[in-house]
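# Working through the structure, step by step
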Amino acid sequence: MSDELHKFLFEGLPVRGMLVRLTDSWREVLRRREGSEPFPTPVRQLLGEMAAAGVLMQANIKFNGAVILQIMGDGPVKLAVAEVQPDLAFRTTAKVVGDVPATDNGHLPLEVLVNVGGKGRCAITLDPKDRLPGQQPYQGVVPLHGDQREPLQALSQVLEHYMLQSEQLDTKLILAADDDIAAGLLIQRLPLEGEGNLGTRNEDEIGLSEHYNRIAHLASTLTREELLGLDVDTILRRLFWEEDLRRFEPLKDLTAPRFACTCSRERVAGMLRNLGREEIDSIIAEQGQVDIGCDFCGLHYHFDPVDVGEVFTDEVDHAPGSTRLQ
Ligand SMILES: [Zn+2]
């Protein structure tokens with residue numbers, strides 16, 4: 001089974017849903033990591049959930065730019081990132097310092113992984129593709145605790161909180177990942193016609209939110225094993241067999257979510273220029289070359305003294321698409 005994303009509506013009701021399964025792409029992410037220290041199992045699970053969630057959010061808002069999820073804190077995981085482009089190409093990585101505690105089932109709550117001191121945060125950034133000079137990306141930040149300061153233990157809870165706070169959209173998310181698949185189910189209540197995003201909350205009175213509540217409840221009965229192990233048809237039939245579901249053409253094969261990294265030799269060269277000639281020369285003096293590895297895809301970029309010379313003398317000649325005669 002390859003990567004796929006399915007969208008569906010509940011006929012006549014202000015509720016929509018989406019289900020993603022990252023398989024080949026997710027295994028590719030983990031395979032890329034084999035050359036360096038592999039992430040501990042609970043970190044792989046968190047990154048898989050972030051990748052699935054990031055793809056769902058990008059597909060949901062269809063943003064013309066990158067959707068970037070970041071979780072930062074003071075546990076062994078200092079930072080975890082998932083970045084998803086408009087064509088659903090995604091990449092993900094984490095910065096892990098120190099020991100991740102052992103666990104029987106491979107799972108650890110956010111409180112242990114990233115939010116030990118209670119100051120962990122989740123940032124959702126929308127970075128427009130053609131950003132104008134000086135234009136800042138849009139960023140929303142939510143803490144890793146709920147309204148009563150209770151720590152949130154699952155990424156899904158944090159993102160549900162974010163969607164409600166920043167988009168005023170009731171959302172149910174079920175996320176899970178192992179070493180073969182990263183998957184997610186999203187159920188969202190659509191704003192009513194003319195209601196606007198701020199939503200006057202009178203739907204309870206007219207009985208409309210009961211549909212969303214019922215469907216969200218059905219979704220929440222989906223177990224981790226079912227989400228990871230069952231195909232999409234079976235999952236949707238099991239959960240929603242009493243509902244009138246309208247499904248759309250799934251995104252698969254060429255339109256499916258996929259792994260891709262946006263790093264390039266040119267970008268790394270730009271980074272070296274930012275560090276400055278002096279800094280780079282001292283690395284050359286010490287190590288004979290500069291070796292920069294990409295944390296997302298594991299690719300290594302090597303610059304020997306001749307390359308470095310070119311990086312710093314070709315400053316006018318590094319525009320994208322420019323060619324240089326040897
Ligand atoms: Zn890369």
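By convention here, each chain's residues receive numbers from 1 onward along its written sequence. Totals for whole chains, interfaces and linings use all residues, but because this is a predicted model, local features are given only for residues with pLDDT of at least 70 and pairs of side-chain atoms are given and counted only at 80 or more.

### A look at the overall build of the protein
Using the following cut-off: Helix and strand assignments follow DSSP, with helices taken as H or I runs no shorter than four residues and strands as E runs no shorter than two, numbered in order from the N terminus. Throughout, radius of gyration means the C-alpha value; the globule benchmark is 2.2 Å times the number of residues raised to the power 0.38. Exposure classification rests on a simple neighbour count of other C-beta atoms within 10 Å of a residue's own: a residue reaching 20 or more is buried, one at 12 or fewer is exposed, and one in between is partly exposed. C-beta atoms are placed from the backbone. We call two residues in contact when their backbone-placed C-beta atoms lie within 7 Å.
Counting its regular elements, the protein contains 10 helices and 14 strands. Radius of gyration (C-alpha) of the protein: 22 Å, near the 20 Å computed for a compact globule of 326 residues. Based on the C-alpha atoms only, the size of the protein along its principal axes is roughly 70 × 45 × 40 Å. Classification of the 326 residues of the protein by burial places 34% in the buried group. Across the protein, the fraction of contacts at a sequence separation of at least 24, relative to all contacts at a separation of at least 6, is 65%.

### Some details on the nonpolar core
As a reminder, the rule being used: Put simply, a nonpolar core is buried Ala, Val, Leu, Ile, Met, Phe, Trp, Tyr and Cys residues tied into one set by C-beta atoms within 7 Å.
Ranked by internal contacts, the top residues of the largest apolar core, which has 69 residues, are Ala 51, Ala 52, Ala 53 and Val 55. Among the elements that line this core, the one with the most residues is helix 2 (residues 41–61), at 11 residues. Core analysis: the next-biggest nonpolar cluster, separate from the first, contains 6 residues, Val 268, Ala 269, Val 290 and Val 311 among them.

### Topic: the sheet that holds strand 6 (residues 121–128)
Quick reminder of the rule: A pair of strands is treated as paired once DSSP finds two or more bridges between them.
With mixed pairing, 6 strands are arranged side by side in an open sheet as 7-6-3-4-5-12. With one partner strand each, in any of the chains shown, strand 7 (138–143) and strand 12 (258–259) form the two edges of the open sheet. Across 6 bridges, strand 6 lies against strand 7 in antiparallel orientation. Paired with Leu 126 across the bridge in strand 7 is Tyr 138.

### Description of unusual backbone geometry
One non-glycine residue, Gln 168, lies in the positive phi region at around 55°. Structurally, Gln 168 can be placed in the loop between helix 4 (155–167) and strand 8 (171–177).

### Topic: the pairing of strand 1 (residues 4–10)
The buried fraction of strand 1 amounts to 5 of the 7 residues, a majority that puts the element mostly inside the structure. Relative to strand 2 (residues 15–22), strand 1 runs antiparallel, the two sharing 6 bridges. Paired with Lys 7 across the strands is Met 18, a residue of strand 2. The turn linking strand 1 back onto strand 2 is made up of 4 residues, and Gly 12 within it adopts a positive phi angle of 80°. With 2 bridges joining them, strand 1 and strand 11 (residues 251–252) adopt antiparallel strand pairing. Paired with Leu 5 across the strands is Leu 251, a residue of strand 11. In this sheet, strand 10 (residues 245–247) lies alongside strand 1 in antiparallel orientation, the contact comprising 3 bridges. By the bridge assignment, Leu 9 is partnered in strand 10 with Arg 246.

### Brief notes about the domain arrangement of the protein
Interfaces are frequently sized by the accessible area removed from exposure as the parts join. How we decide: Here the bounds of each domain stem from an automatic or database domain assignment. Only Asp, Glu, Lys and Arg are considered charged in this grouping, and only Ala, Val, Leu, Ile, Met, Phe, Trp, Tyr, Cys and Pro are considered nonpolar; every other residue, Gly among them, is considered polar.
Segmenting the protein into domains produces domain 1 (4–259) and domain 2 (265–317). Spacing between the C-alpha centres of domain 1 and domain 2 amounts to 36 Å. Each partner contributes to the interface: domain 1 provides 6 residues, whereas domain 2 provides 4 residues. Taken together, the residues of the side of domain 1 that touches domain 2 sort by class into no nonpolar, 3 polar and 3 charged.

### Digging into the environment of Leu 236
With respect to the helices and strands, Leu 236 occurs in helix 7 (residues 232–240). Taking the number of C-beta atoms within 10 Å as the measure of exposure, Leu 236 has 19 and is therefore partly exposed. With 51 residues separating them in the primary sequence, Leu 236 and Leu 185 have C-alpha atoms 10.0 Å apart.

### As for helix 2
The test is simple: Given a helix with a known number of residues, its expected span is that number minus one, times 1.5 Å.
Between its first and last C-alpha, helix 2 extends 30 Å over 21 residues, near the 30 Å set by a 1.5 Å rise per residue. Phi turns positive, to about 50°, at Lys 62, one or two residues after helix 2.

### Concerning the confidence of the model for the protein
Short version of the rule: pLDDT expresses, on a scale from 0 to 100, how confident the predictor is about each individual residue.
Summarising the model, the protein shows a mean pLDDT of 90, and 90% of its residues fall at 70 or more. With pLDDT under 50 throughout, residues 321–326 is counted as low confidence; its partners more than four residues away or in other chains account for 2 contacts.

### Looking at the environment of Gly 73
Residue position: Gly 73 is located in the loop between strand 3 (65–72) and strand 4 (77–84). For Gly 73, a count of 22 C-beta atoms within 10 Å gives the class buried. Spatially, the C-alpha atoms of Gly 73 and Val 114 are 4.9 Å apart, while their sequence positions differ by 41 residues. In contact with Gly 73, other than residues within four places in its own chain, are Val 114, Asn 115, Lys 119, Gly 120 and Leu 144.

### Some details on helix 9 (residues 277–287)
In terms of burial, helix 9 is largely open, as just 0 of its 11 residues are buried. Following helix 9 by one or two positions, Gly 288 adopts a phi angle in the positive range, close to 80°.

### A word on the environment of Leu 108
Among the structural elements, Leu 108 can be located in the loop between strand 5 (89–96) and helix 3 (110–113). The class for Leu 108 is buried, based on 23 C-beta atoms found within 10 Å. Discounting chain neighbours no more than four positions away, the residues touching Leu 108 are Pro 42, Pro 101, Thr 103 and Leu 113.

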